[in-house]
Amino acid sequence: MLVPRLANSIYSRIISGVDNALKNTGYNLLIAGTENNVQKEKELLESLQYRMVDAILVASSSTDASFFSEINKGIPIILIDRRIEQAKLDLVASNDREASFQIVNYIFQMGHRHVAIIKGVNDLSITKDRLSGYIDALNQNGIELNSQLQLDCDFTSESAYYAVQQLLSNTPRSEWPTAIYSTNTSMTEGAMGAVYNLGLSIPDDISIVSFGEMSLPSFFKPQVTCVSRKAEVIGETAGKIALRRIRQCINNEKYDVESLIVYSSIKYGDSVKNMNS
């Protein structure tokens, strides 16, 4: 199984779900991190193919369907979390666009009008889908898209820290966003760090919401309003598909690939200021 970052809590939970699916089956789970590096991912895939693994589960950093074509001829590949256009591979993912719309629309319902988004790597499906949900919410509320409120990052906390610090340090306070939507948990950590290090308060000065739950103790304030993903379900579902594909390959059975969506929900905390009161 290949994931972008082993330290990311979402992927840790997905791995846990896969491991649960493999219990008492006789199969063992090998795990490696790609660090969102396409070349490293390619080398790891080739290594796994050489080792003649039975199936590969991958949250890919590639956007090229042909990337997997040669390997997929002999080994089932299941995409997790990240869709690749035109790739004829099984996929288990979240409803990212819909969930992004829901959480950003909630910010607008709380009276905010200037909402920034922290994006990940632009070419990836999760970045596109989460940005699309953000734009859907803008349109729903009659708010124009402002390119200066789109912060280009790379899914790391460091990139988000720098982007938010630059935005708030180089922009007149009257033009600050009143809320920030961070599209993954690592970037949320970085954004919060930047806000706090500038001597600001969440949510009194800047509200923050996150795509994905933060690993924060219950006594931590504020509790971050977030898109709550059923990561373990994603992993377990992908693991069960892998087992089924292995059996079908052993029996030389043909099969049609599946795309399964595991629906997220909004978990409300106290990180969004009510601007209506």
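Everything numeric here is computed off the predicted structure, so don't read it as measured data. (Residues numbered from 1 in each chain as written. Predicted model: local features only at pLDDT ≥ 70, side-chain atom pairs only at ≥ 80, totals over all residues. Heavy atoms only, no water.)

Some words on the side chain of Gln150
At step 1: Structurally, Gln150 can be placed in strand β7 (residues 150–152).
At step 2: A polar contact is formed between the side chain of Gln150 and the side chain of Lys119, at a distance of 3.4 Å.
At step 3: For Gln150, the contacting residues outside a window of four places in its chain are Ile117, Lys119, Leu131 and Leu145. (Helix = DSSP H or I, 4+ residues; strand = E, 2+ residues; numbered from the N terminus. Polar contact = N/O pair within 3.5 Å; in protein donor to acceptor, adjacent residues only side chain to side chain. Contact = heavy atoms within 4.5 Å.)

Some points on helix α8 (residues 231–250)
At step 1: For α8, with 20 residues, the first-to-last C-alpha span of 29 Å sits near the 28 Å given by 1.5 Å per residue.
At step 2: Residues of α8 that are buried: Ala231, Ile234, Gly235, Ala238, Gly239, Ile241, Ala242, Leu243, Arg245, Ile246 and Gln248.
At step 3: Buried-residue contacts for α8 involve α1 (9–22), β3 (56–58), β4 (77–80), β5 (90–94) and β11 (259–262).
At step 4: Positive phi appears at Asn252, one or two residues downstream of α8, with a value of about 55°. (Expected span 1.5 Å × (residues − 1). Buried < 20%, exposed > 50% of the residue type's maximum accessible area, 1.4 Å probe, protein only.)

Focus on the pattern of salt bridges
At step 1: This structure, assessed with the given rule, holds 15 salt bridges.
At step 2: Across the pair Asp270 and Lys221 runs a salt bridge whose closest N-O atoms are separated by 3.8 Å. In this pair, Asp270 sits in the segment after β12 (265–267) while Lys221 sits in the loop between β9 (207–211) and β10 (225–228), placing the two residues 49 residues apart along the sequence.
At step 3: By relative accessible area, Lys221 is classed as exposed at 57%.
At step 4: Here Lys240 ties to Glu236 by a salt bridge, and the two come within 3.7 Å at their closest N and O atoms. Of the two residues, Lys240 and Glu236 are both situated in helix α8; the distance of four residues between them amounts to about one turn of the helix. (Salt bridge = Lys/Arg side-chain N within 4 Å of Asp/Glu carboxyl O.)

Regarding the environment of Leu243
At step 1: Positionally, Leu243 belongs in helix α8.
At step 2: Residues Leu243 and Gln102 lie 141 residues apart in sequence; the distance between their C-alpha atoms is 34 Å.
At step 3: Ignoring any residue separated from it by four or fewer positions in sequence, one finds Leu243 in contact with Ala21, Leu22, Thr25 and Tyr27.

Considerations on the nonpolar core
At step 1: Ile118, Tyr134, Val164, Tyr181, Val195, Ile206 and Ile208 are the most contacted members of the largest nonpolar core, which totals 47 residues.
At step 2: Elements that contribute at least two residues to this core include exactly α4 (96–109), β6 (115–119), α5 (125–140), α6 (157–169), β8 (179–182), α7 (185–197) and β9.
At step 3: Sorting elements by how many residues they give to this core places α4 first, with six residues.
At step 4: Look past the residues within four positions of Val164 in its chain and what remains in contact with it is Ile118, Leu151, Ile180, Ala191, Ala194 and Val195. (Core = buried A, V, L, I, M, F, W, Y, C linked by side-chain atoms within 4.5 Å.)

Focus on the environment of Cys153
At step 1: Among the structural elements, Cys153 can be located in the loop between β7 and α6.
At step 2: As a C-alpha pair, Cys153 and Val121 span 32 residues in sequence and 6.6 Å in three-dimensional space.

Notes on the sheet that holds β7
At step 1: Judged by pairing direction, the sheet is mixed, and its six strands sit side by side in the order β7-β6-β8-β9-β10-β12 without closing on themselves. Strands with a single pairing partner mark the edges of an open sheet, and in this sheet they are β7 and β12. When strand polarity is set aside, the average angle formed by the axes of neighbouring strands in this sheet is 20°.
At step 2: With respect to the sheet, α5 is in contact with β6, β7, β8 and β9, its orientation differing from that of β6 by roughly 175°.
At step 3: Where α6 meets the sheet, its contacts fall on β6, β7 and β8, and the angle it forms with β7 comes to roughly 140°. (Pairing = 2+ DSSP bridges. Axes fitted to C-alpha atoms, helices over the stretch in contact; angles between N-to-C directions.)

Details of the environment of Asp270
At step 1: A relative accessible area of 34% means that Asp270 is categorised as partly exposed.
At step 2: Considered as a pair, Asp270 and Phe155 are 115 residues apart in the sequence and their alpha carbons are 24 Å apart.
At step 3: Not counting chain neighbours up to four residues away, the residues in contact with Asp270 comprise Pro203, Lys221, Pro222, Gln223 and Thr225.
At step 4: Of the polar contacts made by the side chain of Asp270, one reaches the backbone nitrogen of Gln223; its length is 2.6 Å.

Let's talk about the packing of aromatic side chains
At step 1: Using the criterion set out here, one finds one aromatic pair in the structure.
At step 2: The aromatic ring of Phe211 is capped on one face by Arg130, whose charged end is 3.9 Å from the ring centroid. (Phe/Tyr/Trp six-rings, centres within 6.5 Å; stacked < 30°, edge-to-face > 60°. Lys NZ or Arg CZ within 6 Å of the ring centre and 35° of its normal.)

Regarding the side chain of Arg130
At step 1: Mapped onto the elements of the fold, Arg130 is located in helix α5.
At step 2: Excluding residues that lie within four positions of it along the chain, Arg130 makes contacts with Asp81, Asp96, Ser100, Ile117, Tyr181, Thr183, Asn184, Phe211 and Arg229.

A word on α1
Every α-helical turn comprises 3.6 residues, leaving residues that sit three or four positions apart pointing alike.
At step 1: Here α1 is 14 residues long and its end C-alpha atoms lie 20 Å apart, about the 20 Å a rise of 1.5 Å per residue gives.
At step 2: Taken together, the buried positions of α1 are Ile10, Tyr11, Ile14, Ile15, Gly17, Val18, Ala21 and Leu22. Angularly, the buried residues of α1 cover 160° about the axis, an arc narrow enough to put them on a single face.
At step 3: For α1, the secondary structure elements touched by its buried residues are β1 (2–3), β3, β4 and α8. (Arc of directions from axis to C-beta.)

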